[in-house]
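Residues per chain are reported as follows:
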Amino acid sequence: MSSQLLLDRLADELARLTAAATRLEGLIAPAGLGPEAMIVAQSHDLLSQTIAELEGFVRASAPSFAGGPDCDLQAPLAAIRLSALANRLRGLTEAEVMSGEVDLF
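Residues numbered from 1 in each chain as written. Predicted model: local features only at pLDDT ≥ 70, side-chain atom pairs only at ≥ 80, totals over all residues. Heavy atoms only, no water.

Draft legend 1. View of the overall build of the protein. What the protein contains, in helices and strands, is four helices and zero strands. A buried classification covers 20% of the 105 residues belonging to the protein. Sequence separation of at least 24 residues holds for 65% of the intrachain contacts in the protein that already meet a minimum separation of 6. Counting every atom, the protein has about 7500 Å² of accessible surface; 64% of that belongs to carbon and sulfur. (Helix = DSSP H or I, 4+ residues; strand = E, 2+ residues; numbered from the N terminus. Buried < 20%, exposed > 50% of the residue type's maximum accessible area, 1.4 Å probe, protein only. Contact = heavy atoms within 4.5 Å. Areas by Shrake-Rupley, 256 points an atom, 1.4 Å probe, with all protein chains shown as cover.)

Okay, structure coming up:
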């Protein structure tokens, strides 16, 4: 697998996390929150911003790796415990993956 392709797929995963974090922001209503809840809300906002910035960095960096050598990433991908994530990083679609596989977390 090329480094650029892996970085593109990693950026896609970070984009998915950014979208999920953004959806969660709607559940955190700032009105009426106590000080501890406000700290949690601010931490969530920082998390969302950090993921979005990492996605932008990885996506912008990926073309720098074009033409580089391919890497054997089977062992690191096999170590990922979330099979859906590992499959997406491998470039497999849901249709290509056998159904019935369960992710435990």
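Draft legend 2. Structural context of helix α2 (residues 35–61). With 27 residues, α2 should reach 39 Å at 1.5 Å per residue; the first-to-last C-alpha distance of 39 Å fits that figure. Among the residues of α2, those classed as buried are A41, H44, S48, I51, E55, V58 and S61. Where α2 is buried, its residues meet α1 (3–25). (Expected span 1.5 Å × (residues − 1).)

Draft legend 3. Structural context of α1. In this model, α1 (23 residues) spans 33 Å end to end at C-alpha, consistent with the 33 Å of a helix rising 1.5 Å per residue. Within α1, the full set of buried residues consists of L7, R9, A11, E13, L14, T18 and A21. Contacts made by the buried residues of α1 are with α2 and α4 (83–90).

Draft legend 4. Local environment of the pattern of salt bridges. Summed over the entire model, instances satisfying the criterion amount to four salt bridges. Among the ionic pairs, R88 bridges to E13, the shortest N-O distance being 2.5 Å. Of this pair, R88 sits in helix α4 while E13 sits in helix α1; the two residues are 75 residues apart in sequence, bridging distant segments of the chain. A relative accessible area of 28% places R88 in the partly exposed class. In the salt-bridge network here, residues are joined through shared partners; they are D12, E55 and R59. (Salt bridge = Lys/Arg side-chain N within 4 Å of Asp/Glu carboxyl O.)

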